[in-house]
Amino acid sequence: MKSIAQIAAELQGYDPQALSADNVLRFLSQLVKPVQDTVALSLFDALGRVLAFDVVSPFDVPPHDNSAMDGYAFDGAQLASGTPLTLKVAGTALAGKAWQGEVPAGQCVKIMTGAIMPTGLDTVVPQEFVLVRTEPVEMPAAALAGSARTEFITIPAKLLSPGDNRRLRGEDLMRGRPALSKGELLTPARLGLVASLGLKTVTTVRPLRVAYFSTGDEILSLGELPREGAVYDSNRYTVFGMLRRMGCEVIDMGVVRDDPTLLEAAFTGAAAQADAIITSGGVSVGEADYTKAMMNKLGDVAFWKIAMRPGRPMAVGRILQTKSGSSPLYAGATSSQNNSESNGTILFGLPGNPVAVMVTFLAFVRPALLQMMGCSAAATPLLKAHSQEPLRKKPGRTEYQRGTVTTASDGSLQVRTTGNQGSGVLSSMAQANGLIVLHHGQGNVAVGEQVDVMMFDGAI
């Protein structure tokens with residue numbers, strides 16, 4: 001396990017007093033490691049979890065060549081003449097029931113979507129593209145209970161190529177090959193994919209256990225009476241919501257006052273039962289509290305001034321507290337490592353301002369936690385949008401401005417800010433659906449210029 005100093009020494013351009021956002025992400029990628037505990041879950045309980053192993057397809061999907069639409073199946077070699085093609089309809093192939101027998105040249109089979117392609121047939125013409133006609137069948141009068149008729153179709157010239165509208169066996173998934181890979185997040189579509197393989201359960205990384213508390217004598221818990229100079233604690237609820245959206249088990253430790261004994265108990269208690277600890281407040285220069293001192297006492301911690309707005313101060317590191325062997329694992333979990341092993345509990349000390357807490361969480365903490373969950377897509381994707389207003393920005397720091405992203409008439413994305421960008425204006429965060437990311441070296445933005453946006457989507 002590398003120390004904070006070792007990670008810093010290996011990071012080019014590391015400056016804790018003016019750390020770039022990119023270097024924060026590089027640092028955290030070296031600091032955090034995926035948890036090793038796994039749990040087998042039913043598909044109904046696996047949404048949002050991360051796969052611990054590849055899901056291997058036990059059979060080909062689809063298991064047979066089949067029709068991609070309702071129409072008529074025939075041997076595509078008959079299209080070689082390049083002229084309209086007339087075929088006699090030999091019967092109907094239904095989904096779930098294989099056609100019996102062979103279909104000679106000059107004939108076709110009416111076929112339903114998903115039905116198995118009859119032997120020797122490789123092409124399907126959609127039913128709406130053919131001309132259908134019927135002719136009476138000559139039969140002895142004594143045998144006729146009604147009027148029997150034969151159906152013919154005519155396919156226009158140059159409409160199709162051989163093999164059109166046929167789904168090949170195994171073109172979706174091949175037997176013995178991964179259908180999903182270790183580290184993929186189980187979305188609704190991926191749950192459906194697993195179900196299509198006949199699998200009832202999947203093995204996932206167990207949920208992260210994240211302990212969280214706010215610090216400071218000025219923080220009021222809900223239910224307390226207002227008092228001069230105090231504010232109600234919104235940070236616990238925004239962080240709680242973001243953690244729950246990630247599928248984490250949240251250990252809410254409330255508000256911890258500026259008291260060394262209480263802070264030490266909070267940190268050691270959190271480290272004994274959690275994979276990560278998140279605090280808000282107490283990491284700025286000159287704050288009159290004991291949070292920074294307690295972090296230093298109990299762990300290997302770095303204190304940063306990040307070249308960003310909002311959210312300049314941040315602390316990261318480990319609380320070097322041996323986890324108790326009695327700490328309960330997630331129900332049904334199995335562990336591949338000793339739970340009492342002292343690797344330290346990851347610590348994220350966030351600033352106290354409400355918007356700064358959310359921005360630093362989204363920009364830095366969320367990707368780090370996804371990496372701890374073993375998620376292969378931990379990096380937050382950025383989209384391009386055209387700014388609907390001029391944006392002032394000085395090079396030398398990364399700015400995250402709250403914005404509302406909409407779709408223009410031409411289908412492109414456009415964005416404008418939600419107004420006041422102060423780090424304490426939580427209402428502007430509630431109105432936004434994403435963050436405008438103005439990068440470290442970027443300057444002013446003109447109207448119509450493209451900018452990167454980090455969509456909230458299901459993150460908050």
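Note that the coordinates shown come from a computational prediction; the quantities given were computed from them, not determined experimentally.

This part takes up the packing of aromatic side chains. If you walk through the whole model with that rule in mind, you get 3 aromatic pairs. Linked through ring pairs, Tyr-14, Phe-27 and Trp-304 together constitute an aromatic cluster. Cation over ring: Arg-133 sits above Phe-152, and NZ or CZ is 4.6 Å from the ring centre. Sitting over the ring of Phe-303, Lys-292 keeps its end group 5.2 Å from the ring centre.

All right, on to the sheet that holds strand β9 (residues 149-155) then. Spatial ordering of the open sheet is given by β7-β4-β6-β5-β9-β8, a layout of 6 strands whose pairing is mixed. If you trace the sheet from one side to the other, it starts and ends with β7 (123-126) and β8 (131-136), each paired once. Direction aside, neighbouring strands of the sheet carry axes that sit 40° apart on average. One ladder, built from 4 bridges, connects strand β5 (residues 85-93) with strand β6 (residues 107-111); its direction is parallel. Looking at β6, one finds that Ala-93 is bridged to Ile-111.

Oppositely charged side chains can form a pair if their charged atoms are brought close together. Scanning all chains against the criterion turns up 14 salt bridges. The partner of Glu-135 in a salt bridge is Arg-133, and the shortest N-O contact between them spans 2.3 Å. Residues Asp-233 and Arg-236 are paired through a salt bridge, measuring 3.9 Å at the closest nitrogen-oxygen approach. There is no split in this pair, since Asp-233 and Arg-236 are both buried.

Turning our eyes to something else, we now look at the pairing of β7. On β7, burial covers both faces: Thr-123 and Val-125 on one face and Val-124 and Pro-126 on the other are all buried. Strand direction decides the pairing type here: strand β4 (residues 71-74) and β7, joined by 4 bridges, are antiparallel. Note that in β7 the partner of Phe-74 across the bridge is Thr-123.

Reading guide: rules and limits
- Residues numbered from 1 in each chain as written.
- Predicted model: local features only at pLDDT ≥ 70, side-chain atom pairs only at ≥ 80, totals over all residues.
- Heavy atoms only, no water.
- Phe/Tyr/Trp six-rings, centres within 6.5 Å; stacked < 30°, edge-to-face > 60°.
- Lys NZ or Arg CZ within 6 Å of the ring centre and 35° of its normal.
- Pairing = 2+ DSSP bridges.
- Helix = DSSP H or I, 4+ residues; strand = E, 2+ residues; numbered from the N terminus.
- Axes fitted to C-alpha atoms, helices over the stretch in contact; angles between N-to-C directions.
- Salt bridge = Lys/Arg side-chain N within 4 Å of Asp/Glu carboxyl O.
- Buried < 20%, exposed > 50% of the residue type's maximum accessible area, 1.4 Å probe, protein only.

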